[in-house]
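Listed below are the residues making up each chain.
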Amino acid sequence: MIEETLLAVMEDAGTENWLDQALKDVERLEKVSRSDLGRVLRLLEATGASIALVEVSERDMNQSMAVITALSNARPWVTVMAVCRLADQETLLQCMRAGARDCVVVGGDPTELRDRLRRHQLVRPSFAGDELQSRSRNLVMIAGVHPRVDTGFLAQNLAVAMAAADKDRRVLAIDVDASDEGVFHLDSRNNFDLSQLLTSPDTLDQTLIETALEEFRPGLRLLSGGNSGDFLGDRGADLFIALTRLMGMFDRIVLNVGSSGQSAWIRAIGVHVSELLVVAGQEVAQLRTIKEEISSWRPHLPSGSNLRLVLDGYEPSLPPALEEVGDSTGVPVAAALPMDWRHRLEAINLGLPMQESAPKSPYNKKLKALAAQLDTENGEASSRWSLFKRA
């Protein structure tokens, strides 16, 4: 009897029916489509499953391999088993190279399949899953609730503050909401972007990053989203591969997803997020939308993630007060950043971080306090694994 939950990533009805029959003595068999890798990873986390069965389609071999690689990279302690209709030598080699630890053939002996599953459940990797999860909890996502909110300005200055706080820290700031004029509001241009990186995520390594992305400031590199497109479909596998590898190369990643496509990004990669900073103005209309937005975002975030509100352009002399905002939205307020329009506009026009154009400004003081707050809460995990990531 197989007692643990099994996860099956299936598309073909025939393969699914065979698996149902072969594993009819398994009480907990969770099935999910490969098009939603975020849900796959959330199910692995929620169910504690140690084995994932992934269907390999001869019609779409590249994406099948990408799904296997994505799961193997994102959750290395999970045993990925390929499920093939034909198991020729070439297909088997491709599956193993992608990260599968075993391969079964549709229509094979159900008893043999169950025996192999039991053996894989008995032989676990030597590392603990919880430790690997904590090692990759370094992604800060910044999302707005209204187009008037400038999430890019917050993201760029938060990334600069994080890099400046520790000279040995490696920080990557990704702006998927970037315009054609540059990355964030900074005087920085780079011909390499996230869209190009996703064309061959398997080649992503430290050498490529150091060659393609120059340091904007010590310890800080910037990456534009480019023509990123829709990551909820098959390209989601490539995104998972790339993001997982980037999370292993940097101590902190600050990801600005803007205020228009933020929900799609949270659905696609929310499972990787350690901190979700929701940015809103002090306008009552914006604050009213927060509850509705967040209720649809929470299911896509891991259980240990933090979801907090950053008020941008806050004026303490005007209502609502901070306590009212927290109570009405149901989200704790991490920071209330002043408008400080003069210094903000100056930084934007100069293409400089606020830390350099106006280091003593009210905005910069609040921003540094926010960065310090995030560092304090995540300091233990960051210091614990920083040596591993640089090794």
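Residues numbered from 1 in each chain as written. Predicted model: local features only at pLDDT ≥ 70, side-chain atom pairs only at ≥ 80, totals over all residues. Heavy atoms only, no water.

Details of the pairing of strand β11 (residues 273–280)
Thinking step 1. In terms of burial, β11 is largely enclosed, as 8 of its 8 residues are buried.
Thinking step 2. In terms of strand pairing, strand β6 (residues 139–144) meets β11 through 6 bridges, oriented parallel. Pairing of valine 140 across the sheet is with glutamate 275, part of β11.
Thinking step 3. Pairing of β11 with strand β12 (residues 306–312) involves 6 bridges; the strand directions are parallel. Looking across to β12, one finds that leucine 277 is bridged to arginine 308.
Thinking step 4. The β-α-β motif built from β11, the intervening helix α12 (residues 284–297) and the parallel element β12 has right-handed crossover chirality. (Buried < 20%, exposed > 50% of the residue type's maximum accessible area, 1.4 Å probe, protein only. Helix = DSSP H or I, 4+ residues; strand = E, 2+ residues; numbered from the N terminus. Pairing = 2+ DSSP bridges. Right-handed = clockwise from strand over helix to strand, strands pointing away.)

A word on the side chain of asparagine 256
Thinking step 1. Position of asparagine 256 relative to the elements: it lies in strand β10 (residues 252–258).
Thinking step 2. Residue class for asparagine 256 comes out buried when judged on its relative accessible area of 0%.
Thinking step 3. At 2.6 Å, the side chain of asparagine 256 forms a polar contact with the side chain of threonine 151.
Thinking step 4. Look past the residues within four positions of asparagine 256 in its chain and what remains in contact with it is Ile142, Thr151, Gly152, Ala155, Ile174, Asp175, Val176, Asp177 and Phe184. (Polar contact = N/O pair within 3.5 Å; in protein donor to acceptor, adjacent residues only side chain to side chain. Contact = heavy atoms within 4.5 Å.)

Observations regarding the nonpolar core
Thinking step 1. In terms of nonpolar packing, the biggest core is built from 46 residues, with Ile174, Leu255 and Leu276 touching the most fellow members.
Thinking step 2. It is helix α10 (residues 235–249) that provides the largest number of residues to this core, a total of 6 residues.
Thinking step 3. Aside from chain neighbours lying at most four places away, what touches isoleucine 174 is Phe184, Leu194, Leu223, Leu246, Ile253, Val254, Leu255 and Asn256.
Thinking step 4. By size, the runner-up hydrophobic cluster in this structure holds 35 residues, among which are Met162, Leu186, Leu222 and Leu277. (Core = buried A, V, L, I, M, F, W, Y, C linked by side-chain atoms within 4.5 Å.)

A few points about helix α1 (residues 13–22)
Thinking step 1. Residues Thr15, Trp18, Leu19 and Ala22 constitute the buried set of α1. Around the axis of α1, the buried residues are gathered within 100° of arc, so they sit on the same side. Exposed side of α1, more than 90 degrees from the buried face: Ala13 and Gln21 are the residues found there.
Thinking step 2. The inward-facing, buried residues of α1 contact β1 (6–9), β3 (51–55), β4 (79–84), β5 (102–105) and α5 (110–122).
Thinking step 3. Between the side-chain oxygen of the N-cap and the backbone nitrogen of glycine 14 there are 3.0 Å, and the N-cap of α1 in question is aspartate 12. (Arc of directions from axis to C-beta.)

A short note on the packing of aromatic side chains
Thinking step 1. On inspection of all chains with the given rule, the structure shows 1 aromatic pair.
Thinking step 2. On the basis of an interplanar angle of 55° and a centroid distance of 5.3 Å, the ring pair of phenylalanine 153 and tyrosine 363 is categorised as tilted. Note that phenylalanine 153 is positioned in helix α7 (residues 151–165) and tyrosine 363 in helix α16 (residues 362–390), a separation of 210 residues in sequence.
Thinking step 3. Of the residues examined, phenylalanine 153 reaches a relative accessible area of 0% and is grouped as buried.
Thinking step 4. For tyrosine 363, a relative accessible area of 0% corresponds to the buried category.
Thinking step 5. When the ring centre of phenylalanine 250 is taken as origin, the NZ or CZ atom of arginine 170, which lies over that ring, is 5.0 Å away.
Thinking step 6. Looking at arginine 217, its charged tip hangs above the ring of phenylalanine 216, at a distance of 4.1 Å from the centre. (Phe/Tyr/Trp six-rings, centres within 6.5 Å; stacked < 30°, edge-to-face > 60°. Lys NZ or Arg CZ within 6 Å of the ring centre and 35° of its normal.)

Focus on the pattern of salt bridges
Thinking step 1. Enumeration according to the criterion identifies 13 salt bridges in this entry.
Thinking step 2. Residues glutamate 16 and lysine 31 are paired through a salt bridge, measuring 3.5 Å at the closest nitrogen-oxygen approach. Of this pair, glutamate 16 sits in helix α1 while lysine 31 sits in strand β2 (residues 29–32), and the two are 15 residues apart along the sequence.
Thinking step 3. The exposure class assigned to glutamate 16 is partly exposed, which follows from its relative accessible area of 27%.
Thinking step 4. Under the relative-accessibility criterion, lysine 31 is labelled partly exposed at 29%. (Salt bridge = Lys/Arg side-chain N within 4 Å of Asp/Glu carboxyl O.)

Quick notes on the sheet that holds strand β13 (residues 333–337)
Thinking step 1. Pairing is mixed in the open sheet, where 8 strands are placed in the order β8-β9-β7-β10-β6-β11-β12-β13. In this open sheet, the two strands that pair with only one neighbour each are β8 (215–217) and β13. For this sheet, the mean angle separating the axes of adjacent strands, direction not counted, is 25°.
Thinking step 2. Relative to β13, β12 runs parallel, the two sharing 4 bridges. Across the sheet, residue aspartate 312 finds its bridge partner in β13, namely leucine 337.
Thinking step 3. Each of β6, β11 and β12 touches α12; the most contacted strand, β11, lies at about 155° to it. (Axes fitted to C-alpha atoms, helices over the stretch in contact; angles between N-to-C directions.)

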